[in-house]
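Architecture and fold: a report
Listed below are the residues making up each chain.
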Amino acid sequence: MTVLPAVGRAAECAELQINLKAVADNYKTLTKRYTGRTCAAVVKANAYGLGAETIVPVLKKQGCRLFFVAQANEAAELFPVLRGGGRIAVLNGVLPGDEEFFIENDVIPVLNDLEQIERWSNLCREYERPAPAFIHLDTGMSRLGLTPHDVSNLVDRYSSLLYGFEKAGYMTHPVAADEAGNPVTKEQYDLFMKWYRRLPPAPRGFCNSSAIFRNDDYHLEFCRPGIALWGGNPTPETTNPMRSVVNLKVKVLQVREIDEPQTVGYGGTWQAKRKSKIATLAVGYADGWLRSLSNSGKLIIKGHEVPYVGRVSMDAITVDITDLPGKTLKAGDMVSLLDDKMTVDDVASAAGTIGYEILTSLGHRYRRVYTES
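Residues numbered from 1 in each chain as written. Predicted model: local features only at pLDDT ≥ 70, side-chain atom pairs only at ≥ 80, totals over all residues. Heavy atoms only, no water.

Under an unreviewed UniProt entry, the name given to the protein is Alanine racemase, and the organism recorded is Thalassospira tepidiphila MCCC 1A03514. For the protein, the Catalytic activity (unreviewed entry) comment in UniProt is given as "L-alanine = D-alanine". (UniProt positions renumbered as here; feature names shortened; annotations may be inferred.)

Following this line, the structure appears as C-alpha cells:
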C-alpha cells in the first residue's frame, strides 16, 4: 500500500478500513458451508471496489485457486498477484480479437454462445493446445449464456463443437437465490441438471453466494460466491452469517445550530421544526455516497441513530445531531458511516438499492487502510 506523507494524511477527510481477517473468515465460512469440491471467488470490479490486488492474495492464502472477473483487462491486472498459483476466468467471455490474449496468458473464458464455442475450439486446434473454457448455460437470467435453442444445438453437435478444448465446467447463474422460498431457483437447478445429463461430463457450478445457503443439493463440483466474501448478507431474511468487512469513517466539517423554519441543503427539502443542531460530514455522491440517501439515510453514533437531513450533495451530507446525548461533535471528529452496526445492506436499504452498488460505488477520495482486525 502506498504510504502518504504525514501532511497528506492529515488533510484527508475520509478513511475506508478493509478488514482482511474478515475476508479470510468469510471465505472459511463459505468453504465450510459448501460441500462441493471447489469454492472459487468472484473478484470482478476490483474485488467489488475493495482492492483486488490486496485481497486476492488473502483468498489465495486460504486455499482459493480460481478467481472470476468480468472483463479481460481485469484478468490482466491480477497476473502479478497470481504468479505461482491460481487461475482466472472471465465471465463476459472471449470477444472477437481477444482470443490470443486468453490462450497465450492461460486465462479461462466463460463461453456464452455457440459462436464463442466454435471460435475457441478452432483456436485450440490452431495452437494445438486443449486450453480450458467454461460453458455458460442460461437457465433464466436471459443476459449471457447459451439459450435453450443453443443448448439443443450443442447437444446435437457437441462432438464437433466441443472438440479441441478442455471443458473446465458447465455453469449457470441463479436469478433469485437471495429470495427465500422463490421457486425459480429450484426450477433453474432442475433445468441445469436436465441439460447437463445430455452433454459430455464436466464439473458443474450452480451456486452464487445465496444459493450456497439454500439447498445442499445445489452443491455441485464448484461454486462462485461474491458479495458474501465482502460481508453482504446472502440470506437477507435471517441474521447475516458473514463478517462485516468495511468500516468507513468520515470527518465532521462543521456543526451549527439552526432555528425553525430554516431548511437544509439543495432545494430546501428538509425544514427544521425546532431549534436543531446540524453536523456537516465530508462525504457526498462524488465519493459514491448515493444521492438517493437524501433524507432517508442514518448513521449510528455511540449506539444512537442520527438521521440524514437534506439532500446528499457532491462533497457533503448533513445529519441532525440535536438528540445526540453527551459531548457534542466538533469539526475534525471522525464518525462511522459503515461498520458492523450500520452495514452495507443497511445503507443499501435506505438508498433503495443493493449492497453490491454501495460497495462498488465507494470512491477514490477515501484513504484505504487494510487491517487484520
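We are not done yet, so read on.
Turning our eyes to something else, we now look at the overall build of the protein. Check the secondary structure of the protein and you find 12 helices and 19 strands. Expressed as lengths along the three principal axes of its C-alpha atoms, the size of the protein is roughly 75 × 50 × 40 Å. For the protein, with 373 residues in total, the buried portion stands at 52%. Counting only contacts in the protein whose residues sit at least 6 apart along the sequence, the fraction spanning at least 24 positions is 65%. Put simply, the protein shows about 17,100 Å² of open surface, and 49% of that area lies on carbon and sulfur atoms. Side chains of the protein carry 43 positive and 43 negative charges; the gap between the two charge centres is 6 Å. (Helix = DSSP H or I, 4+ residues; strand = E, 2+ residues; numbered from the N terminus. Buried < 20%, exposed > 50% of the residue type's maximum accessible area, 1.4 Å probe, protein only. Contact = heavy atoms within 4.5 Å. Areas by Shrake-Rupley, 256 points an atom, 1.4 Å probe, with all protein chains shown as cover. Lys, Arg positive; Asp, Glu negative; His and termini not counted. Charge placed at Lys NZ, Arg CZ, Asp CG, Glu CD.)

Below, the discussion takes up the side chain of Thr-185. Position of Thr-185 among the secondary structure elements: in helix H9 (residues 184-196). When residues no more than four places from it in sequence are discounted, the contact partners of Thr-185 are Ala-176, Ala-177, Phe-206 and Tyr-218.

What follows deals with the UniProt feature "binding site: substrate" (unreviewed entry) in the protein. As recorded in UniProt, the feature "binding site: substrate" (unreviewed entry) lies at Arg-143 and Met-314. These annotated residues cover 172 residues of sequence, and their C-alpha atoms sit far apart, with the largest distance between any two at 33.2 Å. Mapped onto the fold, Arg-143 is located in the loop between strand E7 (132-136) and helix H8 (148-161). Residue classification places Arg-143 among the exposed residues on the basis of a relative accessible area of 59%. In contact with Arg-143, not counting residues within four places along its chain, are Asp-138 and His-173. Considering the arrangement of structural elements, one finds Met-314 in the loop between strand E16 (304-307) and strand E17 (317-320). Discounting residues that sit within four places of it in the chain, Met-314 has contacts with Gly-284, Tyr-285, Ala-286, Asp-287 and Arg-365.

Covered by surrounding structure in strand E4 (residues 66-69) are Leu-66 and Phe-68 together with Phe-67 and Val-69, the residues of both alternating faces. Two elements, strand E3 (residues 41-42) and E4, share 2 bridges in a ladder whose sense is parallel. The residue of E4 that forms the bridge with Ala-41 is Phe-67. Relative to strand E5 (residues 87-90), E4 runs parallel, the two sharing 4 bridges. The partner of Phe-67 across the bridge, within E5, is Ile-88. (Pairing = 2+ DSSP bridges.)

A separate point is the packing of aromatic side chains. Throughout the structure, instances matching the rule amount to 12 aromatic pairs. Ring centres 5.3 Å apart and planes at 55° place the aromatic pair Phe-134 and Phe-222 in the tilted group. One end of the pair, Phe-134, is in strand E7; the other, Phe-222, is in strand E10 (residues 222-223), and 88 residues separate them in sequence. Side by side, Phe-134 and Phe-222 carry an identical accessibility label, which is buried. The interplanar angle of 75° and the centroid separation of 5.8 Å between the aromatic rings of Tyr-170 and Tyr-196 together place this pair among those described as edge-to-face. (Phe/Tyr/Trp six-rings, centres within 6.5 Å; stacked < 30°, edge-to-face > 60°.)

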